[in-house]
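# Observations on the three-dimensional arrangement
One letter stands for each residue in the lines below.
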Amino acid sequence: MTLPSTPPLPLADRYERFRDSVFSGLEEPTRLPGFDEPLCELDLQSLWFCGSFGSEFKTEDGRTVKITDFGSWNAGAGPDFNGVSMLIDGQAVRGDVELDPDVRDWERHLHAGNPEYNKVVLHVFLSSPQNQKHFTRTSNHLDVPQVQLTAAMLAVDAAPKSRDAAARIGRCATPLRDMEPARITSMLESAAQFRLQAKSRRLYRIIAASGREQAIYQALAQTLGYLHNQRPFAILSQRLPLNRMLKEPTAQREALLFGVSGFLEMARPDDIQKDSRAYLRGLWSHWWKIRQSCSRWMEPQQMLRWKMTAIRPGNHPQRRLGALLAILANWEVVAPPLMDATRWSLAAWRDTVAGLKHDFWSSHYSLSADEAESPMALVGATRVHEMLANVVYPLLVPERTRLWAEYLELPALLDNQKVRKAITRLFGDHPDAANFRKLLFQHQGLLQIYEDFCLADDSACADCPFPERLKEW
Ligand code: SF4
């Protein structure tokens, strides 16, 4: 049914203008190719800060910019990032960086008249109106170089693949049924290595932007956020970087992580169990003293967005944050095998991480849950496995290629929904289907094929080139 076109009703029109003015310049979701969800300013800042857009740019007036140090994420008033070092046309420049979804946000947010923005040396933005030039000027009349980010700069693998395909037998199941198992295995191994290489590139980009130790910390934190809280964990580890966390006394470190995460603000005293109150009081006793220094991150739009619903108690983000605390407290044993590939020992590292403990979090699922009857593994076998697949081997295999043979033997512990769909679509009732889902590399290879072909297909397999090309393998 088509609605008759009518002139706007005056009250509705007034409300619409009011609503648009409220949202204008505040929260401006931005769509980027590859991202299913619109990105908010916070996501963009996180991607910029970990080097996903790269580190070399051209300014709007043609100068070259090379970021040599992405600085620190500002917790107070003023520009987004402080202490950023860069070369502009080869000349060393150090100062602040402001990142906005739209070039006009500089004026909309009144930065031009605000002396706190006088140290901005680079204004980065994603969009700008066509055929209009907008300059970025400080209150002391300096012209700030501008860099426009584009979707093409964004690393192709920066976007999480959250699309899905139907769980039904695909057209490729027929030729795969006739293919020798050794050829299928070789294809899965190659696809798995391709996937690992993409993960390596992502990690090495973070290393280039933030240094190896920070990249490891950030990647481990992000793995603790699997599946739905990766971005908040990434942002938390970017805002509270490793070098700062390691300098903080334990109690202060815990208060910072739980405070900046927003979990302390969310905790309602009535919901807190008796045995948790002392722990919560301890966190608050430090947090209230430092909260003001993180005031910007406590503003509604700067708060982290956690997914807390439909999550198993053991995967609660608060408990995962407890695991991050344990990792930080034991950094001197967790990090060295990852800092130097020659020191790597799978069994030793797995034991170290699986054996991490925390006085409170080893027996609590969340700040509001009852104490568990007996202590639980803080970083379970599945989580360790995720760390191996997403951090350890992508980091170490490029440096020590014989670790690939070790990777090939890792069992698959987690049978996620996408793997199950990939198995159904590709193998259907193949007599050996079960043999292609036992090992981690098989899962990774299947996921790669699923993402490259099944998620790219909109024709219910009819136009997918994969079945016909299989014989070339
Ligand atoms: S889309 Fe292609 S790869 Fe996926 S199940 Fe169909 S034929 Fe196979």
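A short tour of the structure in this document, coming up. (Residues numbered from 1 in each chain as written. Predicted model: local features only at pLDDT ≥ 70, side-chain atom pairs only at ≥ 80, totals over all residues. Heavy atoms only, no water.)

## Examining the packing of aromatic side chains
Spelled out, the test is: Stacked, tilted and edge-to-face pairs are distinguished by plane angle, under 30 degrees for stacked and over 60 for edge-to-face with tilted covering the rest, among Phe, Tyr and Trp rings (Trp via its six-membered ring) whose centres lie within 6.5 Å. Numbering goes from the N terminus for both helices and strands, where a helix is a DSSP run of H or I of at least four residues and a strand is a run of E of at least two. Buried means the residue's accessible area, taken with a 1.4 Å probe over protein chains only, is under 20% of the maximum for its type, while exposed means over 50%, and partly exposed covers the values in between. Should the NZ of a Lys or the CZ of an Arg lie within 6 Å of a ring centre and within 35 degrees of the ring normal, that charge is described as sitting over the ring.
Following the criterion strictly, the structure yields 20 aromatic pairs and no others. Ring centres 6.2 Å apart and planes at 90 degrees place the aromatic pair Tyr-217 and Trp-331 in the edge-to-face group. Here Tyr-217 is found in helix α6 (residues 212–224), whereas its partner Trp-331 is found in helix α13 (residues 331–334), with 114 residues between them in sequence. On the basis of relative accessibility, which here comes to 1%, the residue Tyr-217 falls in the buried class. Lying over the aromatic face of Phe-135, Arg-137 brings its terminal NZ or CZ to 5.3 Å of the ring centre. Directly above the ring of Trp-73 sits Arg-239, whose terminal nitrogen or CZ lies 5.0 Å from the centroid.

## Examining the site of the ligand
For the record, the criterion: Any residue with at least one heavy atom within 4 Å of a molecule or strand is counted as near it. Here a cavity denotes grid points, spaced 1 Å and computed from the protein atoms alone, that fit a 1.4 Å probe unable to get out, and a pocket denotes an open set having protein on both sides within 12 Å along at least 5 of 7 lines; residues with an atom within 4 Å of a point are the lining. For a molecule to be placed in a cavity or pocket, more than half of its atoms must lie within 2 Å of the grid points of that cavity or pocket. Charged means Asp, Glu, Lys or Arg here, nonpolar means Ala, Val, Leu, Ile, Met, Phe, Trp, Tyr, Cys or Pro, and polar covers whatever is left, Gly included.
In the vicinity of the ligand, the contacting residues are Gly-170, Arg-171, Cys-172, Arg-425, Phe-453, Cys-454, Asp-457, Cys-461, Cys-464, Phe-466 and Pro-467. Given that more than half its atoms are within 2 Å of the pocket grid, the ligand belongs to the largest cavity. Where the shell around the ligand is concerned, the elements lending two or more residues are α19 (440–454) and α20 (466–469). In terms of residue class, the shell around the ligand is built from 7 nonpolar, 1 polar and 3 charged.

## Digging into the pattern of salt bridges
Filter applied, for reference: In what follows, salt bridge is the name for a side-chain nitrogen of Lys or Arg lying within 4 Å of a carboxyl oxygen of Asp or Glu.
Under the defined criterion, the tally for this structure stands at 13 salt bridges. Glu-56 is paired through a salt bridge with Lys-66; the nearest N and O atoms lie 3.6 Å apart. Placement of Glu-56 in strand β1 (residues 56–58) and of Lys-66 in strand β2 (residues 64–69) is noted, with a sequence separation of 10 residues between them. Under the relative-accessibility criterion, Glu-56 is labelled exposed at 57%. A salt bridge links Asp-105 to Arg-108, with the shortest nitrogen-to-oxygen separation between them at 2.8 Å. Residue Asp-105 and its partner Arg-108 are located together in helix α3 (residues 105–108), separated by 3 residues, close to a single helical turn.

## Points about empty space enclosed by the protein
The criterion, for reference: Grid points are joined across faces, edges and corners, and a volume is the space filled by probe spheres set on the points.
All told, the structure shown has 1 cavity of 30 Å³ or more when counted by the stated rule. Quantified by volume, the largest cavity comes out at close to 80 Å³. Taken together, Gly-170, Cys-172, Arg-425, Phe-453, Cys-454, Asp-457, Cys-461, Cys-464, Phe-466 and Pro-467 make up the lining of the largest cavity. Elements with a minimum of two residues in the lining of the largest cavity: α19 and α20.

## With respect to helix α16 (residues 381–396)
Counted only if it meets this: In this analysis the local bend is the angle between axes fitted, respectively, to the seven residues ending at and the seven residues starting at the residue.
At Leu-388, α16 is deflected by roughly 40 degrees, the largest bend along its length. Judged by how many residues are buried, α16 sits mostly within the fold: 14 of 16 residues are covered.

By themselves these figures say nothing about function.
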